[in-house]
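The primary structure of each chain is shown beneath.
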Amino acid sequence: SCSRLRKVQGILRKPSKTAPDGILCILGIDSRYNEGCRELANYLLFDLYSQRNADFERTGFPEEVLDDVIIFIKADSVHLYCNPVNYTYLLPYVGCWRNLHFHCMTENEYEDEEAAEEFKIASFVNMVRDCSRIGIPYSSQGHLQMFDMFIVEKWPIVQAFALEGIGGGSFFTMKHELMDVSESLWKIYSIMDPSSLEALLS
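Parameters and conventions
Position numbers for residues start from 1 in each chain and track the written sequence from start to end. Two thresholds apply to this predicted model, a pLDDT of at least 70 for residue-level local features and 80 or more for giving and counting side-chain atom pairs, whereas whole-chain, interface and lining totals are computed over all residues. The side-chain figures draw on all heavy atoms in the structure; neither hydrogens nor water molecules are used. We call a set of buried residues a nonpolar core when its members are Ala, Val, Leu, Ile, Met, Phe, Trp, Tyr or Cys and they connect through side-chain atoms within 4.5 Å of each other. Partly exposed describes any residue whose relative accessible area lies between the buried limit of under 20% and the exposed limit of over 50%, with all areas from a 1.4 Å probe on protein chains only and scaled to the type maximum. Contacts are residue-level and defined by heavy atoms, with any inter-residue pair within 4.5 Å sufficient. A pair of strands counts as paired when DSSP detects no fewer than two bridges linking them. Runs of E in the DSSP output that reach at least two residues are strands. Runs of H or I that reach at least four are helices, and both are numbered from the N terminus. Helix axes are fitted only over the stretch in contact, all axes being lines through C-alpha atoms; the angle between N-to-C directions runs from 0 to 180 degrees. Think of it this way: a Phe, Tyr or Trp ring, Trp meaning its six-membered ring, pairs with another when their centres are within 6.5 Å, and the plane angle makes it stacked under 30 degrees, edge-to-face over 60, tilted otherwise. For this analysis, a salt bridge means a side-chain nitrogen from Lys or Arg found within 4 Å of a carboxyl oxygen belonging to Asp or Glu.

1. Considering the nonpolar core
- Within the largest apolar cluster, 55 residues are counted, with the highest numbers of intra-cluster contacts made by Ile73 and Phe124.
- Once residues lying within four places of it in the same chain are set aside, the contact partners of phenylalanine 124 are Leu24, Ile26, Ile70, Ile157, Val158, Phe161 and Phe172.

Right, here's the structure in full:
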C-alpha cells in the first residue's frame, strides 16, 4: 500500500514547473461518479471500490455513505476525508501511510446531516488551501476523455467550494489551476507489483 502511494507521489516530485502540487481523488456523487477517480482509489486501496466487492454489499449501508471519500495526495503527505462508517473499511489499507491526516467526524457528530455536510466542505477547503496546481485523475484506462475543468467545476463538492462562510469564497477553478494526470497514472498502474501479480495469477 505504501509502495503504491509512493509511486503516485512520484508524479508530484518530478522536477518540473508544470508538476501539480497535489492529486485530488473524489469518489461517488461528489465527483459525479468519475471513473478516473475511482480507478485511482482502487489502485491505492486494492480494488476496495470495484463493482465486485461483496464486503460492501454485505454491510447494508447505502452506496453514497460507503463512497463518501476524498483523498488529496501531496508529495510528502495525504489528506483523507471519510465518514465514521467507511473509516472502519479504509483504515486497514491506509493506516500505514506516512503523514496521513484524517478528516472524520465521530458517529454522534455525523448524525447531524447539515453539520456533516459543512464539515466535508470545510475539510475539502483545508486540504487544498496551500496548493495552486491540482492534478485530477480525469479519465480511466482505455476511456480517454477530453479534459474539461468546467465539468470538474460542476462536481457537487467542487461547486460547494464557492459557498461563502464555510467554502473558499470563490470558484474552485479561479483559485486553483487544474490539470489532467490520467496518463501519468496509467503508466504507474501498469507497473507489476506483488498485488497485481497475485491478481494476474488468480
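2. Some details on the sheet that holds strand β6 (residues 177–180)
- Read across the open sheet, the 6 strands follow the order β4-β3-β2-β1-β5-β6; overall the sheet is mixed. The open sheet terminates on both sides in strands that have one partner only, identified here as β4 (100–103) and β6. Recorded for the sheet is a direction-independent mean angle of 20° between the axes of neighbouring strands.
- Across 4 bridges, the pairing between strand β2 (residues 70–74) and strand β3 (residues 78–81) is antiparallel. Bridged to isoleucine 73 within β3 is valine 78.
- Relative to the sheet, helix α2 (residues 35–44) contacts β1 (22–26) and β2, its axis offset from that of β1 by approximately 100°.

3. Observations concerning the packing of aromatic side chains
- Following the criterion strictly, the structure yields 8 aromatic pairs and no others.
- Measuring from ring centre to ring centre gives 5.0 Å for tyrosine 43 and tyrosine 189, while their planes differ by 45°; the resulting arrangement is tilted. Here tyrosine 43 is found in helix α2, whereas its partner tyrosine 189 is found in helix α11 (residues 182–189), with 146 residues between them in sequence. Summarising the burial analysis for this pair, tyrosine 43 and tyrosine 189 share the class buried.

4. Details of the pattern of salt bridges
- All told, the structure shown has 6 salt bridges when counted by the stated rule.
- Linking arginine 38 and glutamate 35 is a salt bridge whose minimum nitrogen-to-oxygen distance equals 3.5 Å. Placement of both arginine 38 and glutamate 35 in helix α2 is noted, with a separation of 3 residues, approximately one turn of the helix.
- A residue is classified by how much of its surface remains accessible, and arginine 38, at 25% relative accessible area, is partly exposed.
- You can call glutamate 35 partly exposed: its relative accessible area is 38%.
- Note that lysine 120 is salt-bridged to glutamate 117, the shortest N-O span being 3.9 Å. Remark: glutamate 117 and lysine 120 occur in helix α7 (residues 113–128); sequence separation between them is 3 residues, near one turn of the helix.
- By sharing partners, the salt bridges in this structure join Asp30, Asp68, Glu117 and Lys120 into a single network.

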